[in-house]
Amino acid sequence: MSAVSQPALKRKSISYSKWGYIFLIPFFTAFIIFTLIPLANTFYNSFFENYAKGLEDVGPNYIGFQNYVKIFTKESLDKYLLNTLIMWILGFVPQIVVSLLLAVWFTDLNLKIKGQGFFKTVIYMPNLIMASSFAMLFFVLFSDAGPINSLLETLGIGKYRFLTYAPGTRGLVALMNFMMWFGNTTILLMSGVMGIDTALYEASQIDGANGWQTFWRITIPLLRPIMAYTLITSMIGGLQMFDVPQILTKGSGTPNRMSMTVIMKLNNYLGTSYNYGMGGALSVIMFVITAILSLLVFRALTRESRENAKQRKALAKGGVRL
Amino acid sequence: MKKLVALLLAAIMVLSMAAIASADEEGKVLNIYCWNDEFKTRVEKFYTFPEGITVNWVITPSDNGAYQLALDDALKAQATADADKKVDMFLVEADYAVKYVDTAYTLDVIADLGLTEADVADMYQYTKDIMTDSNGILKGLSWQACPGGFIYRRDYAQEILGVSEPDQVQEYLSDWDKFDAVAAQAKEKGIFMLSGYDDAYRCFSDNMETPWVVDGVIVKDPAIEAWITMTKKYTENGWNNKANLWSPESGAGATKDGKVFGYFGPAWFIDFCLAGWTLDDSSAPAALGNGSWGEWGFCEGPVGFSWGGTWVCAAAGTDNLTLVADLMKTMTCNKDVLVDIVKEYGDFTNNVPAMTEMAASDFSNAFLGGQNYLGLMLKNAQNINRAQSTMYDQACSECIQNAMADYYNGVVSLDEAWDNYFANVEERHPDLTH
């Protein structure tokens, strides 16, 4: 290469990095318009008194943190948070157990289950039904004079007024959320299990490990990142639980407002009087709670891998080769 | 370039012609906002729209104030909406009519729509009072008045009381003490006096001494407390079927095998709700022998009350002013149409002379076993007073029924139920306290 041609060559070297930025523009535009601006707006609105009284508008008047003070002192937020949490946990525990079991069975090399595609489709199916129609269906099925109660009476168990008592209503909400989401979780976990090196299973079998041992010693530890992801997404979804209890209780959160979730409360603020102030404040609180919970869960579930990394570093420093 | 100029000129011509045309005649699309098809069926039956008019029924159910939300959004966008998208006409219910009366969103029936005092002279006074704003301007009209009574099963009356004719049954039900006594007798026969918690609600809420809200403070009215006491007693004694209003159980109680003695309701309740519930086969004609249809009777019950009522308002900014005015006049002022509505749907219509004449005529209602119930409603209709109405009535009624159901079910104490009620109303209406 001659020295003369070098500048020309330099000019010719093209940086492709700008294309990366250009291709990111659509995402950022959408993100700014549909996420960032509404988010900022929510924060902004939460400092104002702004609602409709009949057909006339009250405000917006700047009132500082008064909306927040009202939520924490007068609106018994803890009750609705607890409702939401209880209904989410009631649905999530069976969901993760069943999904894990199905995921392990479906991927087990020894079982070789036939018609996997069919089963995967079937368990995923409830997720495709709209939550509102699902809730309507349950409302009719479990009503006082509905088919489930006739069945219970025929069986001699006796009637149970599901929607009159808190365990019944919360149980139904949890059951619906479970049915809607366990298929989705199963498929997620399956992809996680399939990502585990089969050599590990084979090796453990040669060493004489049984199914139980391989499950607890190999599958679970290696599945941890996927489980963390499932837990966090489910928790965020759970905190935003709305459609199922809203339709099932016709928005009233009966009995005794024990099935009223935080978002149903938010809907009550916005649904009649466009109370953007209180609605905004409640949304901001939910945003903070979600962020904190996600962070905590994520840290807890990834602690081990972080510790492993630390250990590895320490050992490497000490001259031990891993 | 020449082509472009020509195109531009042509476009300007077309546009200006369109502008002249629209100034000359009214819009071709009529948008009517409502929450069920009650008015729609009556209009389609008795009104013929002029050629070329598209009628757009925008129906939003009223649960949780959803209808008001949709209507308010549309009304607030009225000024900027396209002519064909503007609300031309909307319906309001007794529980929140007041909200729309004292606003600029509704048109003056007399000055704006061109109806005359004579057109509305025969209407029941309360139907005009509720729609009159603080300046004395009439803002809407109704085709119906809604005096209520007790609608009961004749076969069960025979079984419990040994009589089945309305005037005889009324003697057993003329006050609440007697009503309770019959309830106890009914229970012995395995029959529920009432369907559930909210059936007698309007008997009390319509006779309240104070409005639901006074100066921004939610008030406990003695009439409502009386309803709560009565319903708790009925629930504990097993005198009602523990159903919520509009629930499947409530409707099921009216079928042939249903065990409910009767329902409180006005004329619209009989035709629009109850008659449908009684049918065994809803696709077969409604006739005696199909379920419990035709085996009912109507009596005044222990107390006079009214329930609901639908008013028609013309929306400010409508581009169909003459059509709206004509539709309103036909459906609410035309005596012949009002008489036909009674014959077809059994409504109690909003025309004093027509109702008085029909009460004395041989008019009969097959669902009520051939009874002419209009006479029993006449006096009651004159006494209806809606002076206590506020724009919060729907929220208050819905919330108190929800909150008290828990109390009747034994899930919460009375105080807790009141607290739930206050919390629910206040989160819907931040301007209220208790």
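Only a predicted model underlies this, so the values are computations on that prediction, with no experimental measurement involved. (Residues numbered from 1 in each chain as written. Chains lettered and ligands numbered in written order. Predicted model: local features only at pLDDT ≥ 70, side-chain atom pairs only at ≥ 80, totals over all residues.)

**Side note on the overall build of chain B**
When helices and strands are counted, chain B shows 19 helices and 11 strands. For 434 residues, the compact-globule estimate of 2.2 N^0.38 gives 22 Å, and chain B sits close to it at 24 Å. In terms of overall dimensions, chain B has a C-alpha envelope of 95 × 50 × 40 Å along the principal axes. Expressed as a percentage of the 434 residues in chain B, the buried residues total 47%. Sequence-distant contacts, at least 24 apart, represent 72% of the contacts inside chain B between residues at least 6 apart. (Helix = DSSP H or I, 4+ residues; strand = E, 2+ residues; numbered from the N terminus. Rg over C-alpha atoms; globule rule 2.2 N^0.38 Å. Buried ≥ 20, exposed ≤ 12 C-beta atoms within 10 Å, placed from the backbone. Contact = placed C-beta atoms within 7 Å.)

**What about the overall build of chain A?**
Within chain A, the secondary structure is distributed over 13 helices and two strands. At 27 Å, chain A has a C-alpha radius of gyration far larger than the 20 Å of a compact globule built from 322 residues. Considering only C-alpha atoms, chain A reaches an extent of 85 × 60 × 40 Å along its principal axes. A buried classification covers 28% of the 322 residues belonging to chain A. Relative to all contacts within chain A whose residues are 6 or more apart in sequence, the contacts with residues 24 or more apart total 68%.

**Focus on the pairing of strand β2 (residues 54–59) of chain B**
As judged from the six bridges shared by strand β1 (residues 29–34) of chain B and β2 of chain B, these two strands associate in the parallel manner. Paired with Y33 of chain B across the two strands is V58 of chain B, which belongs to β2 of chain B. (Pairing = 2+ DSSP bridges.)

**Notes on helix α14 (residues 321–333) of chain B**
For α14 of chain B, with 13 residues, the first-to-last C-alpha span of 17 Å sits near the 18 Å given by 1.5 Å per residue. Those residues of α14 of chain B that sit buried are V324, L327, M328, M331, T332 and C333 of chain B. (Expected span 1.5 Å × (residues − 1).)

**Quick notes on the interface of chain B and chain A**
With 27 residues of chain B at the interface, the matching set in chain A holds 26 residues. For the side of chain B that touches chain A, the secondary-structure elements that each account for two or more residues are α3 (66–76), α12 (248–252), α18 (393–408) and α19 (414–428) of chain B. Of the residues assigned to the side of chain B that touches chain A, the class counts are 10 nonpolar, eight polar and nine charged. (Nonpolar A, V, L, I, M, F, W, Y, C, P; charged D, E, K, R; others polar.)

**Concerning the sheet that holds strand β9 (residues 262–266) of chain B**
Residues and elements named next belong to chain B. Overall, antiparallel pairing links the three strands, which are arranged β9-β4-β10 in an open sheet. Every other strand in the sheet has two partners, leaving β9 and β10 (296–299) as the edge strands with one partner each. Direction aside, the axes of adjacent strands within the sheet are offset by 30° on average. Against the sheet, helix α7 (residues 154–161) contacts β4 (148–153) and β10, and its axis sits at roughly 75° relative to β4. Sheet strands touched by helix α13 (residues 267–278): β4 and β9. Its angle to β9, the strand with the most contacts, is close to 120°. (Axes fitted to C-alpha atoms, helices over the stretch in contact; angles between N-to-C directions.)

**With respect to the packing of helix α4 (residues 77–107) of chain A against helix α10 (residues 211–239) of chain A**
Between two packed helices, what matters for the description is the angle formed by their axes and the separation of those axes. Residue and element names in this part refer to chain A. Two numbers describe how α4 lies on α10: the axes approach to 11 Å, and their chain directions differ by 145°. In terms of crossing hand, the pair formed by α4 and α10 is right-handed. Packed against α4, whose contacting residues are T84, W88, F92, I96 and V104, the element α10 presents F215, T219, T230, S234, G238 and L239 at the interface. (Left-handed = near helix turned anticlockwise from the far one by under 90°.)

**Describing the domain arrangement of chain B**
All names here are of chain B. Each assigned domain of chain B is listed with its residue range as follows: domain 1 (26–145 + 308–360) and domain 2 (148–305 + 392–428). Using only C-alpha atoms to locate each centre, domain 1 and domain 2 end up separated by 29 Å. With 10 residues of domain 1 in contact, the opposing surface of domain 2 contributes 10 residues. When the residues that make up the side of domain 1 that touches domain 2 are grouped by side-chain class, the tally is three nonpolar, four polar and three charged. (Domains from an automatic or database assignment.)

**Re the packing of helix α2 (residues 38–46) of chain B against helix α15 (residues 335–345) of chain B**
Residue and element names in this part refer to chain B. As a packed pair, α2 and α15 sit with axes 11 Å apart at the nearest point and diverge in direction by 115°. You can see that α2 and α15 cross each other, and the crossing is right-handed. Facing α2, whose interface residues are R42, K45 and F46, α15 presents V337, D340, I341, E344 and Y345. For the contact of α2 with α15, the per-class residue count stands at four nonpolar, no polar and four charged.

**Observations concerning the sheet that holds β2 of chain B**
Residue and element names in this part refer to chain B. An order of β2-β1-β3-β11 is seen for the four strands of this open sheet, with the pairing classed as mixed. The open sheet has two free edges, formed respectively by β2 and β11 (310–314), since each of these has just one partner strand. Geometrically, the sheet is characterised by an average inter-axis angle of 20° between neighbouring strands, direction not taken into account. Where β1 and strand β3 (residues 89–93) come together, two bridges link them in parallel fashion. Bridge assignment links I32 to a residue of β3, and that residue is M89. Its contacts with the sheet put α14 on β1, β3 and β11, and the angle it makes with β11 is roughly 155°.

**Here's the deal with helix α6 (residues 131–141) of chain A**
Residues and elements named next belong to chain A. Along α6, the residues that are buried comprise A131, F134, A135 and F138. Viewed along the axis of α6, the buried residues span an arc of 95°, placing them on a single side of the element. Contacts made by the buried residues of α6 are with α8 (166–194) and α11 (243–248). (Arc of directions from axis to C-beta.)

**What to know about unusual backbone geometry**
Omega for the bond connecting T254 of chain A with P255 of chain A falls within 30 degrees of zero, at -5°, which places this linkage in the cis form. Here P255 of chain A shows up in the loop between α11 and α12 (262–273). At Y274 of chain A, a residue that is not glycine, the phi angle is positive and equals roughly 45°. Topologically, Y274 of chain A is positioned in the loop between α12 and α13 (276–317). Positive phi, close to 50°, is recorded for D215 of chain B, a residue that is not glycine.

**Notes on the environment of N409 of chain B**
As for its placement among the helices and strands, N409 of chain B is situated in the loop between α18 and α19. The sequence separation of N409 of chain B and K242 of chain B amounts to 167 residues, and the corresponding C-alpha distance is 8.1 Å. Residue contacts for N409 of chain B: discarding those within four places in its chain leaves T164 and P255 of chain A.

**Details of the nonpolar core**
By size, the foremost hydrophobic cluster in this structure holds 125 residues, and its most contacted members are F90, A97, M193, C313 and M404 of chain B. It is α18 of chain B that contributes the most residues to this core, nine residues altogether. Looking at which domains feed residues into this core, each of domain 1 (26–145 + 308–360) and domain 2 (148–305 + 392–428) of chain B supplies at least three. Apart from the residues lying within four places of it in its own chain, the contact partners of F90 of chain B are I32, Y33, C34, L71, C313 and A315 of chain B. Counting 41 residues, the second largest nonpolar core, distinct from the first, contains Y80, V104, A135 and F142 of chain A. (Core = buried A, V, L, I, M, F, W, Y, C linked by C-beta atoms within 7 Å.)

**Quick word on the confidence of the model for chain B**
For any part of a model where pLDDT is low, the fine detail of the predicted coordinates should not be relied upon. All names here are of chain B. For chain B, the average pLDDT comes to 86, and 94% of its residues sit at 70 or higher. Across chain B, element-level confidence peaks in helix α11 (residues 222–236) with a mean pLDDT of 93 and bottoms out in helix α1 (residues 2–24) with 52. When the criterion is pLDDT under 50, residues 16–24 qualifies, and its contacts beyond four places in sequence or with other chains add up to one contact. On the interface metric, ipTM, the complex scores 0.82, and its pTM is 0.83. (pLDDT = per-residue confidence, 0-100.)

**Things to note about the pairing of β3 of chain B**
All names here are of chain B. In terms of residue burial, β3 counts as a mostly covered element, since four of its five residues are buried. Examined bridge by bridge, β3 and β11 share five bridges and lie antiparallel to one another. By the bridge assignment for β11, E93 is matched with T310.

**Quick word on the confidence of the model for chain A**
Residue-level pLDDT values for chain A average 86, and 94% of them are 70 or greater. Confidence over residues 1–5 of chain A falls short of pLDDT 50; this stretch has one contact with residues more than four positions distant or in other chains.

**Regarding the environment of Y201 of chain A**
Residues and elements named next belong to chain A. Structurally, the position occupied by Y201 is in helix α9 (residues 198–206). Under the C-beta neighbour-count criterion, Y201 is labelled partly exposed, with 19 such atoms within 10 Å. Taking C-alpha positions, Y201 is 9.3 Å from L109, a pair spaced 92 residues apart along the chain. Sequence-distant contacts of Y201, that is, excluding residues within four places in its chain, are made with L109, T214 and I218.

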